[in-house]
Amino acid sequence: SGRVLVFDLKESRQTKSMSAFADFSSFGQEPAALAFDEFGRLFVGFGDAAKIQVFDLARGILLRTYDLADPVTALSYADGILYVAGGQEVRAVYLR
């Protein structure tokens, strides 16, 4: 499915509720990779579409889109750096 789902958890870590944060299926796209940062931003990688969209989870808005030269198959975030895997390499995108 081309949706990103958000779950609210109870203190017992059981699911309390679920909602669709974003639905990309109408655009014919499926998220291939996700990462979060300490500011509540969600990074969504779109595989062969070679792009990453950045969302503010609290406000539910798209902040920006990065168009890349290679597919995005995995994302990881640490210390202000977004690591993007795809194609033949892993790239570091410095966000600060």
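On a predicted model such as this, the values are computed, not experimentally measured, just so you know.

## Here's the deal with the environment of Ser19
So, point 1. Within the secondary structure, Ser19 sits in strand β2 (residues 15–23).
So, point 2. The class of Ser19 is partly exposed, set by a relative accessible area of 40%.
So, point 3. For Ser19 and Ala50, which are 31 residues apart along the polypeptide, the C-alpha to C-alpha distance reads 26 Å.
So, point 4. Aside from chain neighbours lying at most four places away, what touches Ser19 is Val4, Leu5 and Val6.

## Some thoughts on the pattern of salt bridges
So, point 1. Summed over the entire model, instances satisfying the criterion amount to 4 salt bridges.
So, point 2. The shortest N-O distance in the salt bridge between Asp37 and Arg41 comes to 2.4 Å.
So, point 3. Among the residues examined, Arg41 registers a relative accessible area of 22% and is labelled partly exposed.
So, point 4. Of the charged contacts in the structure, one is a salt bridge between Arg91 and Glu89, with a shortest N-O distance of 3.9 Å.
So, point 5. In this structure Arg91 comes out as buried when scored by relative accessible area, which is 19%.
So, point 6. Residues participating in the shared-partner salt-bridge network are Asp70, Glu89 and Arg91.

Rules used throughout
- Residues numbered from 1 in each chain as written.
- Predicted model: local features only at pLDDT ≥ 70, side-chain atom pairs only at ≥ 80, totals over all residues.
- Heavy atoms only, no water.
- Helix = DSSP H or I, 4+ residues; strand = E, 2+ residues; numbered from the N terminus.
- Buried < 20%, exposed > 50% of the residue type's maximum accessible area, 1.4 Å probe, protein only.
- Contact = heavy atoms within 4.5 Å.
- Salt bridge = Lys/Arg side-chain N within 4 Å of Asp/Glu carboxyl O.

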